[in-house]
Amino acid sequence: MNFSKSFRNTFLVILLSLIVSACATKKTVTKIEGQMQGDVYTGTDTVKYLADGVPDRVFFATNESILTTKSRDTLRKQANWLRENSSINVVVEGHADERGTREYNLALGERRANAAKDYLITYGISADRISVISYGKERPVDSGSNPLSWSKNRRSVTVKAN
Amino acid sequence: MIRIINLFFIIFYLLSAKAYSLIEIDITRGNLDPLPIAVSPLFQDDNSKKNSINELKIENIGSEISLVVENNLKISGLFNPLSKEAFLQKPDIAHLKPRFEDWALIKAQALITGKVTIEDKKLKVEFRLWDILAGREMMALAFTTVPSNWRRVGHIISDKVYERLTGEKGYFDTRIIYVSEEGPKTARVKKLAIMDQDGFNTKYLTLGNELVLTPRFNPTSQMVTYLSYFKNLPRVYLLDIETGTQEVVGDFPGMTFAPRFSPDGKKIIMSFAKDGNSDIYTMDLENRIVERITNHPSIDTSPSYSPDNRFITFNSDRSGYQQIYVMKSDGSNVKRISFGKGLYGTPVWSPRGDLIAFTKLHKGKFYIGVMRTDGSGERLLTENYYQEAPSWSPNGRVLIFYRETKSNDKGEGFSAKLWSIDLTGYNERQVQTETDASDPSWSSLLSN
């Protein structure tokens, strides 16, 4: 009885110290990177602008094509800009990072580009103004082999077509 | 312990082989003791030497051909070609009647001899394979071809020797088509390239103006299907290697990719991506009829037929993650076969029909592996930072794939190279290419 109690206490202490150390590691990681949330890139290093305050790209988590809150915000700005410039057509380029097989990544890039396209359509942009192309992992913007570089490469970029 | 037992088994096997004085090589297991073989330079008389210099600008073509054979046998991992410096007999005399005691003295168990003549713009080659321990001829063959084909002569000799000693078809008279890569990662220039299996006779089939990916041979190795971004429209193309004619086959309103021929050469199977969804389609090359094979909101890609055309293995993320599936060739009876930890991609059916090779990603490492067609018996052959896209040798004994190295934060230190490994998991080696390389596809045997 006594033994099991002391055992449980020791166990708790170990568990707690593990949690604390885990938190500590996580904190330093976020501090160093500072530009990622989860594994989605949140920085502006590579971002270009279609117009003042209209970022050209959104970023994705590994193997995902779900739009984050920030991505949806960016795409709403793009939709507004497209509405104001009704003569402009765009190509949405979908990209993946280098940590996946080539063919799957081509499909993944296409899925990401279409996620962005669909969102633009729901904000009233006509589908025939938006074409998509996937480059898979063939056109990285950052050539490093580390989680931050990869997060910059998992992207869809809206480019003026005319 | 198991390893020790295996070792004993192999030693016993070799001893017993010796006792019967029959040379044979077991290629179903890792070969720890490659067969010592002497490849004597092919004899050439003075008149032929003159013609050889005129025709090929090579003085001793007999010696060059023997080097091709020696190199092939060495890279197979099954043979140990002995140093020519130790040879006691001259090539011409050895070819007539070897002194077996002399060759046994340098520990050769097999001997290849031959004779080559160049006359009237024809290259005539004869060669013999000798069993040193039994003291007799095992095989004798002669053939005639154009002089410029001399490397192929070496490959054909290698195939005949391999087949005689292992009981299985060789894979030396074959070619590899691949993507040649140059330039920085962010602006890589890619071209289709083709070379002999041993890295010689490289030819570039595209100029690098547009991105090209994933070339694959048809069964006769005359045609190649691949993905090209010509005019920035990613589409599946067909290329005739001999004539150089190209045509688009996957001109659908979206992206077509991941093409492969059916084993009977009649169809191309590929993925078609539209509106964020990739499914698998086939196109009959004769009547251009397109058939939809899968219809699922997930990504379905990397399809590959079984050698009897009856089944298709492919890659899908319908379970939430990339896994390997098998279905009948009409798209019915879809079954998931990969259940191990991690993600699975690029399944390719072995030409022997019994195995599927794949790429696996688990805990940040990439593996090339094989499993049976029902998913059982998974075996990982090699682990690395990044590698993928295995392609089978025509005899189903060797896999070729590409491997990329990690780059530093500035993007330096990156390379992409071709590698091969035996199905046994042994004999891993880099395949020489003029440039960086990826997406290799192995041809069928060219002489058959």
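Computed from a prediction, not measured in an experiment: that's the story for all the values here. (Residues numbered from 1 in each chain as written. Chains lettered and ligands numbered in written order. Predicted model: local features only at pLDDT ≥ 70, side-chain atom pairs only at ≥ 80, totals over all residues.)

1. Here's the deal with the overall build of chain B
Thought 1: Per the secondary structure count, chain B includes six helices and 29 strands.
Thought 2: For chain B, whose C-alpha radius of gyration is 24 Å, the value lies close to the compact-globule estimate of 22 Å for 448 residues.
Thought 3: For chain B, the spread of C-alpha atoms along the principal axes amounts to about 70 × 60 × 50 Å.
Thought 4: Expressed as a percentage of the 448 residues in chain B, the buried residues total 48%. (Helix = DSSP H or I, 4+ residues; strand = E, 2+ residues; numbered from the N terminus. Rg over C-alpha atoms; globule rule 2.2 N^0.38 Å. Buried ≥ 20, exposed ≤ 12 C-beta atoms within 10 Å, placed from the backbone.)

2. Points about the overall build of chain A
Thought 1: The helix and strand tally for chain A stands at four helices and eight strands.
Thought 2: Of the regular secondary structure in chain A, the N- to C-terminal order runs α-β-β-β-β-β-α-β-α-β-α-β.
Thought 3: Each of the 162 residues in chain A was classed as buried or not, and the buried ones make up 40%.
Thought 4: In chain A, once contacts between residues fewer than 6 apart in sequence are set aside, the share between residues at least 24 apart is 69%. (Contact = placed C-beta atoms within 7 Å.)

3. A few points about the nonpolar core
All names here are of chain B.
Thought 1: In this structure, Tyr226, Phe257, Met270, Ile356, Ala357, Leu399 and Ile400 are the most contacted members of the largest nonpolar core, which totals 78 residues.
Thought 2: Beyond its immediate chain neighbours, meaning those up to four positions away, Met270 contacts Val236, Gly250, Thr256, Phe257, Ala258, Pro259 and Tyr281.
Thought 3: Counting residues in hydrophobic clusters, the runner-up holds 34 residues, among them Leu73, Ala110, Leu111 and Phe127. (Core = buried A, V, L, I, M, F, W, Y, C linked by C-beta atoms within 7 Å.)

4. What to know about the domain arrangement of chain B
All names here are of chain B.
Thought 1: With domains assigned, chain B is organised as domain 1 (2-166) and domain 2 (176-442).
Thought 2: Contacts between domain 1 and domain 2 engage nine residues on the former and eleven residues on the latter.
Thought 3: Here the side of domain 1 that touches domain 2 gets three residues from one element, more than from any other, and that element is helix 3 (residues 61-75).
Thought 4: Looking at the side of domain 1 that touches domain 2, its residues break down into two nonpolar, five polar and two charged. (Domains from an automatic or database assignment. Nonpolar A, V, L, I, M, F, W, Y, C, P; charged D, E, K, R; others polar.)

5. Overview of the interface of chain A and chain B
Thought 1: Taken residue by residue, the interface counts 20 residues in chain A and 32 residues in chain B.
Thought 2: For the side of chain A that touches chain B, the secondary-structure elements that each account for two or more residues are helix 3 (102-122) and strand 7 (130-136) of chain A.
Thought 3: Examining the composition of the side of chain A that touches chain B, we find that ten residues originate from one element, helix 3 of chain A, more than from any other.
Thought 4: Each residue belonging to the side of chain A that touches chain B can be placed in one class, and the counts come to eight nonpolar, seven polar and five charged.

6. Topic: the sheet that holds strand 29 (residues 436-442) of chain B
All names here are of chain B.
Thought 1: The four strands lie next to each other as 8-7-6-29, forming an open sheet whose pairing is antiparallel. Pairing within the sheet leaves two strands with one partner each, and these edge strands are strand 8 (203-204) and strand 29.
Thought 2: Note: strand 7 (residues 189-196) against strand 8, two bridges, orientation antiparallel. Bridge assignment links Ile194 to a residue of strand 8, and that residue is Lys203. (Pairing = 2+ DSSP bridges.)

7. Focus on the packing of helix 3 of chain B against helix 6 (residues 150-166) of chain B
Residue and element names in this part refer to chain B.
Thought 1: It is at 8 Å that the axes of helix 3 and helix 6 come closest, and there the two elements cross at 45°. Regarding the angle of helix 3 to helix 6, the classification is oblique. As helix 3 runs across helix 6, the sense of the crossing is right-handed. In this structure, helix 3 contributes Ile61, Glu64, Ile65, Val68, Val69, Asn72 and Leu73 to the contact, and helix 6 contributes Trp150, Arg151, Val153, Gly154, His155, Ile157, Ser158 and Val161.
Thought 2: In the contact of helix 3 with helix 6, the residues fall into nine nonpolar, four polar and two charged. (Axes fitted to C-alpha atoms, helices over the stretch in contact; angles between N-to-C directions. Parallel < 35°, antiparallel > 145°, perpendicular 65-115°, else oblique. Left-handed = near helix turned anticlockwise from the far one by under 90°.)

8. Considering the environment of Asp173(B)
Residues and elements named next belong to chain B.
Thought 1: As for its placement among the helices and strands, Asp173 is situated in the loop between helix 6 and strand 6 (175-182).
Thought 2: A count of 25 C-beta atoms within 10 Å places Asp173 in the buried class.
Thought 3: Note: C-alpha distance between Asp173 and Gly254 (81 residues apart in sequence) is 38 Å.
Thought 4: The residues contacting Asp173, other than those within four sequence positions of it, are Arg152, His155, Ile156, Asp159, Leu445, Leu446 and Ser447.

9. Notes on helix 3 of chain A
All names here are of chain A.
Thought 1: Between its terminal C-alpha atoms helix 3 stretches 31 Å, which fits the 30 Å expected from 21 residues at 1.5 Å a residue.
Thought 2: A large share of helix 3 lies buried, amounting to 18 of its 21 residues.
Thought 3: Downstream of helix 3 by one or two residues, Gly124 has phi in the positive range, about 90°. (Expected span 1.5 Å × (residues − 1).)

10. Regarding the pairing of strand 23 (residues 365-372) of chain B
Residue and element names in this part refer to chain B.
Thought 1: Burial of strand 23 is extensive: six of the eight residues sit out of reach of the surface.
Thought 2: Sheet analysis places strand 22 (residues 355-362) next to strand 23, joined by eight bridges and oriented antiparallel. Looking across to strand 23, one finds that Thr359 is bridged to Ile368.
Thought 3: Where strand 22 hands over to strand 23, the hairpin turn is made up of two residues, of which Lys363 adopts a positive phi near 50°.
Thought 4: Both strand 23 and strand 24 (residues 379-384) contribute to a ladder of five bridges, which runs antiparallel. Note that in strand 24 the partner of Phe366 across the bridge is Asn384.
Thought 5: Between strand 23 and strand 24, which pair antiparallel and follow one another directly, the connecting turn spans six residues, one of which, Gly375, has a positive phi of 90°.

11. Overview of the confidence of the model for chain A
Thought 1: The pLDDT averaged across chain A works out to 86; a share of 80% of its residues lies at or above 70.
Thought 2: The model gives residues 10-32 of chain A a pLDDT under 50, and that stretch makes zero contacts with residues more than four places away or in other chains. (pLDDT = per-residue confidence, 0-100.)

12. Brief notes about the sheet that holds strand 19 (residues 323-328) of chain B
Thought 1: Read across the sheet, four strands follow the order 17-18-19-20 (chain B) without closing on themselves; strand pairing throughout is antiparallel. In this open sheet, the two strands that pair with only one neighbour each are strand 17 (300-305) and strand 20 (335-336) of chain B.
Thought 2: In the sheet, strand 17 of chain B pairs with strand 18 (residues 311-316) of chain B via four bridges, with the strands oriented antiparallel. Along strand 18 of chain B, the bridge assignment pairs Thr301(B) with Asn315(B).
Thought 3: The strands touched by helix 3 of chain A within the sheet are strand 17 and strand 18 of chain B, with strand 17 of chain B carrying the most contacts at an inclination of about 145°.

13. Structural notes on the pairing of strand 27 (residues 416-422) of chain B
Residue and element names in this part refer to chain B.
Thought 1: Where burial is concerned, most of strand 27 is hidden: six out of the seven residues are buried.
Thought 2: Bridge analysis of strand 26 (residues 398-404) against strand 27 gives seven bridges, and the strand direction is antiparallel. Bridge pairing in strand 27 links Glu404 to Ala416.
Thought 3: Alignment of strand 27 against strand 28 (residues 429-431), held across three bridges, turns out to be antiparallel. Each residue of the ladder has a partner; that of Ser420, found in strand 28, is Arg429.
Thought 4: Here strand 27 folds back onto strand 28 in antiparallel fashion, the turn holding six residues, of which Gly425 has a positive phi close to 90°.

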